[in-house]
Amino acid sequence: MNDGMDAAYARLEQVLGWVAWLACLLAVARLIWIGGLFYQAKQDGHGADGVENIVANLMAAIVVGASGAIAGALLS
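Residues numbered from 1 in each chain as written. Predicted model: local features only at pLDDT ≥ 70, side-chain atom pairs only at ≥ 80, totals over all residues. Heavy atoms only, no water.

Undergrad: Could you give an account of the overall build of the chain, with specific residues and numbers?
TA: Assigned secondary structure in the chain consists of three helices and zero strands. Element order for the chain, N to C, with α for helix and β for strand: α-α-α. Radius of gyration (C-alpha) of the chain: 18 Å, far over the 11 Å computed for a compact globule of 76 residues. For the chain, the C-alpha atoms occupy an extent of roughly 65 × 20 × 5 Å along the three principal directions. Each of the 76 residues in the chain was classed as buried or not, and the buried ones make up 8%. Summed over all atoms, the accessible surface of the chain reaches about 5900 Å², with 72% contributed by carbon and sulfur. (Helix = DSSP H or I, 4+ residues; strand = E, 2+ residues; numbered from the N terminus. Rg over C-alpha atoms; globule rule 2.2 N^0.38 Å. Buried < 20%, exposed > 50% of the residue type's maximum accessible area, 1.4 Å probe, protein only. Areas by Shrake-Rupley, 256 points an atom, 1.4 Å probe, with all protein chains shown as cover.)

Structural data, given as structure tokens:
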């Protein structure tokens, strides 16, 4: 019975690892997009309109980075 639970945890950790890599790729792509928005805002003279986008992106990256620990705490 314990081997089945260990296999399930291993599979969960593997899936969370895939999700974390995908989220990191999306976060990098979003930061590049936000950089383009900053450039466009600077060209238009609006200043820094996208700071809240960067903060939201960093907060999401922190949650994704902690997802393995969160899942482990909830399942144990």
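Let us keep going from here.
Undergrad: Run through the packing of helix H1 (residues 2-44) against helix H3 (residues 67-75), naming residues and quoting values.
TA: Following both chains from N to C, one finds H1 and H3 inclined at 155°, their axes separated by 10 Å at the closest point. It follows from the interaxial angle that H1 and H3 lie roughly antiparallel. Judged by the twist between their axes, the crossing of H1 over H3 is right-handed. Within the contact between the two elements, H1 uses Tyr9, Leu12 and Leu16 and H3 uses Ser67, Gly68, Ala71 and Leu75. Classifying every residue of the contact of H1 with H3 gives five nonpolar, two polar and no charged. (Axes fitted to C-alpha atoms, helices over the stretch in contact; angles between N-to-C directions. Parallel < 35°, antiparallel > 145°, perpendicular 65-115°, else oblique. Left-handed = near helix turned anticlockwise from the far one by under 90°. Contact = heavy atoms within 4.5 Å. Nonpolar A, V, L, I, M, F, W, Y, C, P; charged D, E, K, R; others polar.)

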